[in-house]
Amino acid sequence: MLRTLSGARSLGPGDFSEALDLCAVDPLANVFVAARLLEGGPAFAAALLGVDEGRRLRSVCWTSANVVPIGADDAALDAFAGRLRRKRRRCSSIFGDAEQVLGLWARLERHWGDARSVRRDQPMMAVSAPPSTGCDPIDGRVRPARPDEVDLVLPASAAMFTEEIGYPPYVGSDRDYRRMVSALIGAGHTYVIIEGGRVVFKADIGSLAAGVAQLQGVWVAPDSRGQGLAEPAMRAVVQHILETTASTVTLYVNNYNEPALRTYHAAGFRQVGTFATVIL
């Protein structure tokens, strides 16, 4: 039977529940979009494009500062690209399932111009079992950051962003970036080790939905690297999240970052998918 897909349309509050249902098909891969929808409520469905198959929503694409396709085959990618090709605007990245991201970028590249970086192979990793408390150490210094520590966390967050992306997260005023860092801390989603009045380790829960917590912003101070700090610190983060916040912890990492991959494997993470990121 020939499938008939519509062109991409802008979604609205009436599509909220169905969009969440699409995210729930793969809650580990789709936690970013699910979290944004749950944080903002039905009104945030307006940030989505959707493609219908008959009367059913077949796939969606988050289109805010980041572009994130979900459940998109070639026909849906064609439809999304048709709507997006003239809307480069403030988009800073495309990320998500590697096949969908790279397929969408192949359709948009000649319209949007060169990317800063295309990261085609990013293992998406997950862990659902607490770390063993036997042979593998867990760093007891790891704890949620306090609201009064935003001035300590902010430079660590900015340093991590600059290292990872290649440019700083703000130029001039840090007001908006500070607000984001403060929000993560206020939600109890930033974990730190603070020594000597500065952050030496940091990790954030960037997205939380459907029992899945996705980590981002994992960072060790440069002068503390190579000293065995990261593995027990990550075990502590995983243990705390699984005990208090979510049943599964996920993250994605560049395939060439061997130290990070070793750290995450040591903390119990295993690859469950492949992401890609186009940095614009």
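Residues numbered from 1 in each chain as written. Predicted model: local features only at pLDDT ≥ 70, side-chain atom pairs only at ≥ 80, totals over all residues. Heavy atoms only, no water.

Tallying each qualifying case throughout the model produces 0 disulfides. Unpaired in terms of disulfides, Cys-23 finds its nearest cysteine sulfur in Cys-61, a separation of 12 Å. Cys-61 provides the cysteine sulfur closest to Cys-91, a residue in no disulfide bond, and the two sulfurs are 9.0 Å apart. (Disulfide = S-S within 2.5 Å.)

Time to look at the sheet that holds strand β8 (residues 190–195). Across the sheet, which stays open at both edges, the 12 strands sit in the order β1-β2-β3-β4-β5-β12-β6-β11-β10-β9-β8-β7 with mixed pairing between neighbours. The open sheet terminates on both sides in strands that have one partner only, identified here as β1 (9–10) and β7 (143–144). Bridge analysis of β7 against β8 gives 2 bridges, and the strand direction is antiparallel. Directly across from Arg-143, in β8, lies its bridge partner Val-192. Lying on the sheet, helix α7 (residues 230–244) is in contact with β6 (117–127), β7, β8, β9 (198–209), β10 (212–220) and β11 (248–252); it crosses β10 at an angle near 155°. (Pairing = 2+ DSSP bridges. Helix = DSSP H or I, 4+ residues; strand = E, 2+ residues; numbered from the N terminus. Contact = heavy atoms within 4.5 Å. Axes fitted to C-alpha atoms, helices over the stretch in contact; angles between N-to-C directions.)

What follows is about helix α2 (residues 31–40). Most of α2 is tucked away, with 7 of its 10 residues classed as buried. For α2, the complete set of buried residues consists of Val-31, Phe-32, Val-33, Ala-34, Ala-35, Arg-36 and Leu-37. Just downstream of α2, Gly-41 is the residue with a positive phi angle, here 80°. (Buried < 20%, exposed > 50% of the residue type's maximum accessible area, 1.4 Å probe, protein only.)

This part covers the packing of aromatic side chains. Counted by the stated rule, this structure contains 6 aromatic pairs. An angle of 75° between the planes, with centres 5.8 Å apart, marks the rings of Phe-161 and Tyr-167 as edge-to-face. Measuring from ring centre to ring centre gives 5.9 Å for Tyr-264 and Phe-269, while their planes differ by 65°; the resulting arrangement is edge-to-face. Owing to a relative accessible area of 8%, Tyr-264 belongs among the buried residues under this scheme. Among the aromatic residues, those joined into a cluster by ring pairs are Phe-32, Phe-95, Tyr-252 and Phe-275. Over the face of the ring belonging to Phe-32 we find Arg-36, whose NZ or CZ atom lies 4.6 Å from the ring centre. (Phe/Tyr/Trp six-rings, centres within 6.5 Å; stacked < 30°, edge-to-face > 60°. Lys NZ or Arg CZ within 6 Å of the ring centre and 35° of its normal.)

Burial analysis of strand β4 (residues 66–70) places 5 of its 5 residues in the buried class, which makes it a mostly covered element. Between strand β3 (residues 56–63) and β4, which pair antiparallel and follow one another directly, the connecting turn spans 2 residues.

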